[in-house]
Amino acid sequence: IVALTKADLVDDDQILERMAEIETLLSAISLEGAEIVPVSALTGRGVEELKTRLLALGESGKGMTGFARLAIDRSFVLTGAGVVVTGTIHAGEIRVDDRLLLSPSGLEARVRSLHAQNRAAEIGRAGERCALNLAGPRLSKDAIRRGDWVISPELHAPTDRVDVRLSLLGSEGQPLKHWSPVHVHLGSAHVMGRVALLEGEKLAPGMTALAQVVLEEKIGALAGDRVILRDPSASRTIAGASVIDPFGPPRNRRAVRRLEELRALDRPDEDALPGLLRLDSGFVELRRFGQARNLRPADVARLLQSAGGQEFDGFGFLADAVAAARQNIVETLAAFHRDKPDAPGLQPER
């Protein structure tokens, strides 16, 4: 949504001209077709309409239902209070007295007090700017840096390999080569990394492909996070990406099986889980799936049930796969006893 501000300074004809200019400007990028709302802070024109549309956008996402996650952009020590961090809550809610973790360091922190949108509050919600007064046994200003996350313990899983869907800007003068060095921006983090293309050795300007971004240091990342890539000199933005799997494998990342997994994961939650279950292996590690997508266990269980799956020891299977596995176990044991009637039986691991 585009807010066209200071609408009280011009007449309706001039507003229409500006709106036409904005539509032309956005036509070349991913914001093409974005709605434009003229607003005035002085007269109040359009403010309620803009508020209504923004709230509708917020309610359409899953950010309110997931575990808490705040991207730190600043930290300092306040006399009489201690360590304070500021940032934007990306998901969930943070309340006074919550016990959270700093990631990727893993340091424990308790929320002593918080300010949301510059006001003292008991709770901060997804989308809000917050300042958190933190306390912890090993907590200090030097232990916190821009780019860290304040998160619920369930989400603590630092990573240095993220599989993404990467789009190279059409304005680039040459293709992006495999293993190109880049500056990586995710949340408020800024680290160096390299792009490992998973579908070919080059990516042409304006094209999109699967890739793995290999980072020089661990960061916090989850599926759906947006990534900005800049050239090695950090002089221009060259590409954007969306995280598909924050836990990319170090080996066999180009294997056919892995690419099938990524294409299944590159879909909404309610489609991704059934897609994974229908692959040849036919199972999903449910905890990892939920953690990667910031889903609570109850939400993962609901998705599994909707997909017609069943859980065994933390893994999800389709009913047909379970039946086939049971039959295979029975046949395997029968063959073993037939071939070795004097043996006590197969060990569980075998």
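Located above this text is the structure these notes cover.
Given the structure is predicted, the values throughout are model-derived calculations rather than measurements.

Thresholds applied
- Residues numbered from 1 in each chain as written.
- Predicted model: local features only at pLDDT ≥ 70, side-chain atom pairs only at ≥ 80, totals over all residues.
- Heavy atoms only, no water.
- Helix = DSSP H or I, 4+ residues; strand = E, 2+ residues; numbered from the N terminus.
- Buried < 20%, exposed > 50% of the residue type's maximum accessible area, 1.4 Å probe, protein only.
- Pairing = 2+ DSSP bridges.
- Axes fitted to C-alpha atoms, helices over the stretch in contact; angles between N-to-C directions.
- Parallel < 35°, antiparallel > 145°, perpendicular 65-115°, else oblique.
- Contact = heavy atoms within 4.5 Å.
- Patch = residues over 30% accessible without salt bridge, like charges linked within 9 Å, V, L, I, M, F, W, Y side chains within 5 Å.
- Areas by Shrake-Rupley, 256 points an atom, 1.4 Å probe, with all protein chains shown as cover.
- Salt bridge = Lys/Arg side-chain N within 4 Å of Asp/Glu carboxyl O.
- 1 Å grid on protein atoms, 1.4 Å probe; cavity = no way out; pocket = protein on both sides within 12 Å on 5 of 7 lines; lining within 4 Å.
- Points joined across faces, edges and corners; volume = space filled by probe spheres on them.

Residues and numbers for unusual backbone geometry, please.
A cis geometry characterises the amide bond from serine 103 onward to proline 104, with omega recorded as 20 degrees. Within the secondary structure, proline 104 sits in the loop between strand E6 (99-103) and strand E7 (108-116). Positive phi outside glycine occurs at asparagine 118, with the angle close to 70 degrees. Positive phi outside glycine occurs at asparagine 294, with the angle close to 55 degrees. With respect to the element layout, asparagine 294 can be found in the loop between helix H5 (286-292) and helix H6 (297-306). We classify asparagine 294 as buried; its relative accessible area is 8%.

Which residues make up the pairing of strand E17 (residues 208-219), and what values do they have?
Across eight bridges, the pairing between strand E12 (residues 159-168) and E17 is antiparallel. By the bridge assignment for E17, arginine 165 is matched with leucine 210. In the sheet, strand E15 (residues 189-197) pairs with E17 via five bridges, with the strands oriented antiparallel. Paired with alanine 196 across the bridge in E17 is glutamine 212.

Help me get a handle on the packing of helix H3 (residues 256-265) against helix H4 (residues 269-277), residues and values and all.
How two helices pack is summed up by the angle between their axes together with the distance between the axes. Closest axis-to-axis distance for the H3/H4 pair is 8 Å, and the angle between their directions is 155 degrees. The orientation of H3 with respect to H4, classified from their angle, is roughly antiparallel. On H4, the residues touching Glu261, Ala264 and Leu265 of H3 are Ala272, Gly275 and Leu276.

Kindly report on a nonpolar patch on the surface, identifying the contributing residues and their values.
Together, Ile1, Leu54 and Leu57 make up a nonpolar patch on the protein surface, roughly 270 Å² of accessible area in all. Tracing the backbone through its elements, the reader meets isoleucine 1 in the segment before strand E1 (2-4).

Residues and numbers for the sheet that holds strand E19 (residues 237-245), please.
Around the barrel, six strands lie side by side as E12-E17-E15-E14-E18-E19; this closed barrel has antiparallel pairing. Across the sheet, the mean angle from the axis of one strand to that of its neighbour is 40 degrees, orientation sign disregarded. For strand E18 (residues 226-230) and E19, the ladder comprises five bridges, and the chain directions are antiparallel. Considered in E19, the bridge of valine 227 is made with alanine 241. Of the strands in this sheet, E12, E17 and E19 are in contact with H3, which crosses E19 at around 90 degrees.

Describe in detail the layout of surface pockets, supporting the description with residues and values.
Here the second largest pocket is characterised by a volume of approximately 400 Å³. In terms of lining, the second largest pocket is formed by 19 residues, of which the most central are Asp245, Arg258, Glu261, Glu285 and Arg288. Mapped onto the lining of the second largest pocket, the elements with two or more residues apiece are E19, H3, strand E20 (283-285) and H5. The element contributing the most residues to the lining of the second largest pocket is H3, with four residues.

Keep in mind these numbers describe shape, not what the thing actually does.
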